[in-house]
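One letter stands for each residue in the lines below.
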Amino acid sequence: MSLSSYQNTWIEMLMYPERSAEILASTADLTPAERILLAAVSPERLQTISKTVIYSRISAFVRVVPANLRSLLPADRLEAMARDYAYREPLASLYPLAQQTRQWLDFLAAALSAENEQHLRDLIRFEQLKSRFSHYEKPAPRQKLRGPVLSPACGLLLASPDFAALLQAIWQEQSLPAYDNNTRQGYLVFENPEREVGLLPLHWGLYHVLQTCNGQQSWAEVLDAVCKSHPELTADHSTLCQWEAYLRQRGWLRDWQSVA
Amino acid sequence: MLLSDLPIDRALLSAACPWIPTGPVLDLGAGHGQISELLQAYGFPVTAVDEDTRALAAVQAAHPELQVVECDLRQFEIAPEHWAAIVCLNVTPFLPQADVEALLMHLAAGLKPGGVLIFSGFHADDPGCAYLMAEDAHGQPAPTGQVSLALLPRFFSDWPVWFAFEGPVEDDHPPQGPHRHVLSQWIIQKPEVPLATINWSALPRLGTGMGWRAALHEEILASEAIEFLEIMTDDHHSPELDQRLLALRQRYTLVPHGVELSPGTPGGASEAYLKDVARIVARCDSPWWSDHLCYTHSPRYRTHSLNPLPPGEESLATVLSNLKRARQNIPRPLLLENPAYYAAVSPDPLQEAAFFKQIVESADCGILLDVANLMGNAYNLGLDPYTYFDALPAERIVQLHLAGGRLLEEVLFDTHDRPIWQETWELLRYVLQHSDVRAVSLEWDDNYEVPARILEEVQALRRVQRQFGLRL
Ligand SMILES: [Fe+2]
Ligand SMILES: [Fe+2]
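All of the points below concern the structure found in this document.

So, how was this worked out
Residues numbered from 1 in each chain as written. Chains lettered and ligands numbered in written order. Predicted model: local features only at pLDDT ≥ 70, side-chain atom pairs only at ≥ 80, totals over all residues. Heavy atoms only, no water. Helix = DSSP H or I, 4+ residues; strand = E, 2+ residues; numbered from the N terminus. Rg over C-alpha atoms; globule rule 2.2 N^0.38 Å. Buried < 20%, exposed > 50% of the residue type's maximum accessible area, 1.4 Å probe, protein only. Salt bridge = Lys/Arg side-chain N within 4 Å of Asp/Glu carboxyl O. Pairing = 2+ DSSP bridges. Axes fitted to C-alpha atoms, helices over the stretch in contact; angles between N-to-C directions. Donors = N, O, S within 2.8 Å, 3.2 Å for Na, K, Ca; no water. Lys, Arg positive; Asp, Glu negative; His and termini not counted. Polar contact = N/O pair within 3.5 Å; in protein donor to acceptor, adjacent residues only side chain to side chain. Contact = heavy atoms within 4.5 Å. Patch = residues over 30% accessible without salt bridge, like charges linked within 9 Å, V, L, I, M, F, W, Y side chains within 5 Å. Areas by Shrake-Rupley, 256 points an atom, 1.4 Å probe, with all protein chains shown as cover. Charge placed at Lys NZ, Arg CZ, Asp CG, Glu CD. Phe/Tyr/Trp six-rings, centres within 6.5 Å; stacked < 30°, edge-to-face > 60°.

1. Comments concerning the overall build of chain A
Inference 1: Along the backbone of chain A there are twelve helices and five strands.
Inference 2: Here the C-alpha atoms of chain A give a radius of gyration of 24 Å, more than 25% beyond the 18 Å that 2.2 N^0.38 yields for 260 residues.
Inference 3: Principal-axis analysis of the C-alpha atoms gives chain A an extent of 75 × 50 × 35 Å.
Inference 4: Taking all 260 residues of chain A together, the buried fraction comes to 48%.

Structure, rendered in structure tokens:
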């Protein structure tokens with residue numbers, strides 16, 4: 001275990017250079033030669049190396065923050081949050097990128113907790129959805145499901161009714177619109193085969209139906225269950241029923257899952 | 001073998017593209033060319049074969065870039081180990097059983113290692129099997145040829161099966177209208193050939209290149225100095241980026257260079273990571289791939305830095321075991337790069353050179369010598385770069401990296417955003433005179449404001465490389 005200890009100790013000394021002597025002294029599992037080597041690095045040199053090693057890690061996290069979000073966050077604030085994340089999650093990696101970025105963005109969303117930062121949290125959820133979009137899956141057997149599920153080219157988002165306007169403003173580099181932080185609106189976020197992202201505002205009943213689809217029930221069964229728990233939707237039953245065909249035709253609903 | 005509930009469809013074929021290695025694709029029995037079109041549009045050069053003159057003429061008119069061959073499938077000679085993928089969908093009903101089995105043998109032989117077979121044919125339960133749909137060599141009607149998944153062990157015994165389906169499929173076309181077929185289908189991959197002992201002097205000479213960076217894409221394409229491109233393996237794990245690599249590969253030799261192999265970490269990289277890299281290496285169809293002799297993480301911490309490994313028995317055993325797994329997953333020559341050192345990891349730097357030599361010789365790896373790192377390490381650790389170089393096995397040095405760095409608080413960092421140092425140029429000349437490198441590339445990772453200046457650096461590298469003995 002000496003090699004692991006050596007590596008743990010060296011990285012820990014780089015993460016906390018001001019405590020390096022203490023760290024070295026408290027590590028038992030080192031050979032005398034390793035101990036001499038680690039002790040031989042001068043405090044000044046350790047500080048310098050530490051700065052670049054920490055900077056590399058922080059900037060790796062900063063780099064994967066989607067440009068939309070980065071454009072709204074002051075660089076020093078984002079860096080401070082990345083530093084915080086790097087220290088709290090010393091084993092967090094960026095492989096596989098989409099999955100690991102989601103965890104890091106979850107952390108950001110939790111850190112951006114002020115009331116007037118709702119637009120940033122909405123944007124993070126939007127970006128996390130986008131990172132899941134995929135048009136490519138290694139061929140694998142497909143298992144039939146009892147009912148529909150959302151395809152991996154789309155996802156559900158709950159955000160402010162002003163979210164579409166916010167996105168427009170960011171894309172067109174205009175000043176941000178007034179943002180309703182309290183009302184929530186359901187959207188279907190999708191990516192077409194040309195890789196363009198679209199946003200479809202959903203009737204709240206439809207949002208619930210889509211949210212309930214898990215492959216275990218048919219559309220009609222899901223719809224019945226949702227109408228039962230929300231009787232005020234009964235009047236919309238037939239309209240909601242018709243959505244199924246449209247969603248299937250767009251490729252957003254499917255009745256199977258890939259089993260690798 | 002896990003059976004699919006659903007048959008092959010267009011979406012499945014389209015989604016499969018990133019896992020088809022680089023190379024030509026054959027569509028046997030292309031019919032109206034829908035599959036040929038899909039694969040060609042993705043970026044593969046496709047040959048469409050069919051005996052239906054009219055259908056083929058229409059396919060060719062719509063897609064002049066497709067190679068179209070009009071003949072009986074039995075007349076088409078499938079060159080051995082040539083095809084990256086062969087698609088053969090429902091042509092077997094028109095072949096007698098003996099010809100079906102001969103075809104399966106030809107398909108197996110025609111794929112290159114790692115190549116993918118996408119196949120569908122009538123199962124014995126298909127209603128068509130009751131008829132004489134096939135034609136023998138003399139044009140006489142013969143019983144419909146049949147296939148089943150039971151044939152897989154006979155013709156494709158050790159091929160990984162990605163997808164297998166056997167069962168009824170609804171169909172609807174004239175003259176029958178709606179009707180049912182019973183199909184056997186599979187998507188399987190020809191096994192890669194394990195890597196034998198590498199003849200390092202037989203590797204191709206790639207000349208001068210640079211790391212591909214999105215910010216420099218246009219300038220790179222326009223530059224005559226660039227003879228090959230290095231791509232960052234770890235920027236290309238998403239299959240969504242595969243088409244970009246495939247397009248670059250049409251024009252350049254690509255060499256993947258990674259930073260996350262971490263051969264010095266006990267346990268090393270995950271199997272999933274190695275499989276991802278294998279896909280990227282297959283896409284680049286590169287003569288070698290590379291990463292660093294370092295560790296990026298320990299059991300408790302992960303960095304995004306390449307930390308040098310202390311020489312020693314445990315390091316050696318760890319690296320050799322990790323490199324063995326890498327080689328099993330990625331059967332192409334691996335080059336290890338010397339990382340930048342900012343603090344000593346052994347009392348004598350020459351011990352590191354000896355360690356490097358021992359590793360590349362024991363693991364049958366090559367060396368990607370970063371000349372700028374060597375110069376920087378010399379500066380930072382006070383070693384003599386020429387003596388260090390002389391201690392390395394010159395015959396294993398396959399590729400060189402050049403870059404500029406920055407001095408921060410007395411330490412020289414490999415920042416890759418400055419012109420190459422004068423001392424590094426001198427060391428480069430020495431290295432070129434005393435080794436037989438196959439490729440030299442510039443690394444440039446920031447300060448893209450004056451692209452012409454960056455490409456001039458590549459041009460200068462090319463001149464030096466030509467002057468000091470690179471034979472192309
Ligand atoms: Fe490198
Ligand atoms: Fe390098």
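2. Quick look at the pattern of salt bridges
All names here are of chain A.
Inference 1: Scanning the model with the defined rule gives 37 salt bridges over all chains in all.
Inference 2: Close ionic contact of aspartate 122 with arginine 184 constitutes a salt bridge, the shortest N to O distance being 2.9 Å. Of the two residues, aspartate 122 sits in helix α8 (residues 118–130) while arginine 184 sits in the loop between α9 (163–171) and β3 (185–191), which places them 62 residues apart along the sequence.
Inference 3: Residue classification places aspartate 122 among the buried residues on the basis of a relative accessible area of 2%.
Inference 4: Owing to a relative accessible area of 35%, arginine 184 belongs among the partly exposed residues under this scheme.
Inference 5: Taken together, the shared-partner salt bridges in this structure form one network comprising Glu244, Arg248 and Asp255.

3. Topic: the sheet that holds strand β2 (residues 154–159) of chain A
Residues and elements named next belong to chain A.
Inference 1: Strands sit in the order β2-β3-β4 across an open sheet of three strands; the sheet is antiparallel. Strands with a single pairing partner mark the edges of an open sheet, and in this sheet they are β2 and β4 (197–202). When the angles between neighbouring strand axes are averaged without regard to direction, this sheet yields 30°.
Inference 2: Looking at chain direction, β2 and β3 are connected through six bridges and run antiparallel.

4. Remarks on the coordination of the iron ion (ligand 2)
Residue and element names in this part refer to chain B.
Inference 1: Ligation of the iron ion (ligand 2) by protein atoms is provided by Glu337 (OE), Asp370 (OD), His401 (ND1) and Glu443 (OE), these donors lying 2.1 to 2.3 Å from the ion.
Inference 2: Every donor residue of the iron ion (ligand 2) comes from the same chain, spaced as E-x32-D-x30-H-x41-E.
Inference 3: The metal-metal distance between the iron ion (ligand 2) and the iron ion (ligand 1) comes to 3.2 Å, with glutamate 337 coordinating both. In this pair, aspartate 370 is assigned in strand β17 (residues 366–370) and glutamate 443 in the loop between β21 (439–442) and α14 (451–467), connecting sequence segments 73 residues apart.
Inference 4: Here aspartate 370 falls in the buried class, since its relative accessible area comes to 0%.

5. Observations concerning the side chain of Asp126(B)
Residue and element names in this part refer to chain B.
Inference 1: As for its position among the elements, aspartate 126 is in the loop between β5 (111–122) and β6 (134–135).
Inference 2: Arginine 180 is the oppositely charged side chain nearest to the buried, salt-bridge-free aspartate 126, at an N-O distance of 9.2 Å.
Inference 3: There is a polar contact of 2.9 Å between the side chain of aspartate 126 and the side chain of histidine 181.
Inference 4: Apart from the residues within four sequence positions on either side, aspartate 126 is in contact with His181, Val182 and Leu183.

6. Notes on a negative patch on the surface
Residue and element names in this part refer to chain B.
Inference 1: Side chains of Glu51, Asp52, Glu70 and Glu135 sit close together on the surface and give a patch of like negative charge.
Inference 2: On the secondary structure map, aspartate 52 appears in the loop between β2 (46–50) and α3 (53–62).
Inference 3: Here aspartate 52 falls in the partly exposed class, since its relative accessible area comes to 36%.

7. Re the coordination of the iron ion (ligand 1)
Inference 1: Coordination of the iron ion (ligand 1) by the protein involves His257(B) (NE2), His292(B) (NE2) and Glu337(B) (OE), with metal-donor separations of 2.1 to 2.3 Å.
Inference 2: On the accessibility criterion, His257(B) (1% relative accessible area) is buried.

8. Describing the sheet that holds strand β1 (residues 25–28) of chain B
Residue and element names in this part refer to chain B.
Inference 1: The strand order β3-β2-β1-β4-β5-β9-β8 describes an open sheet built from seven strands, whose pairing is mixed. Taken across any chain shown, the strands that pair with only one partner, and hence form the sheet edges, are β3 (67–70) and β8 (161–173). Pairs of neighbouring strands in the sheet enclose a mean axial angle of 15°, with direction left out of account.
Inference 2: When β8 meets strand β9 (residues 177–189), the two strands line up antiparallel, connected through twelve bridges. When the bridges of β9 are listed, glutamate 170 appears paired with arginine 180.
Inference 3: Where α3 meets the sheet, its contacts fall on β2 and β3, and the angle it forms with β3 comes to roughly 170°.
Inference 4: Sitting on the sheet, helix α4 (residues 97–110) touches β1, β4 (83–89), β5 and β9, and the angle it makes with β5 is about 155°.

9. Brief notes about the packing of aromatic side chains
Remark: the centre distance and the inter-plane angle together describe each pair of aromatic rings, the angle taken between the planes.
Inference 1: What the rule picks out here adds up to 21 aromatic pairs over all chains.
Inference 2: Aromatic pair Trp243(A) and Tyr246(A): ring centres 5.7 Å apart, planes at 80°, arrangement edge-to-face. Within this pair, Trp243(A) and its partner Tyr246(A) are both found in helix α12 (residues 237–249), separated by three residues, close to a single helical turn.
Inference 3: Take Trp243(A): its relative accessible area is 26%, and that puts it in the partly exposed class.
Inference 4: Ring geometry for Tyr386(B) and Tyr430(B): centres 4.9 Å apart, planes at 80°, overall edge-to-face. Of this pair, Tyr386(B) sits in helix α12 (residues 385–390) while Tyr430(B) sits in helix α13 (residues 422–433); the two residues are 44 residues apart in sequence, bridging distant segments of the chain.
Inference 5: When its relative accessible area of 27% is taken as the criterion, Tyr386(B) is described as partly exposed.
Inference 6: Taken together, the ring pairs in this structure connect Phe119(B), Phe155(B), Phe156(B), Trp159(B) and Trp186(B) into an aromatic cluster.

10. Some thoughts on a nonpolar patch on the surface
Inference 1: Taken together, the side chains of Met1(B), Leu3(B) and Val161(B) define a hydrophobic patch exposed on the protein surface, amounting to about 280 Å² of accessible area.
Inference 2: Mapped onto the elements of the fold, Met1(B) is located in the segment before α1 (10–16).

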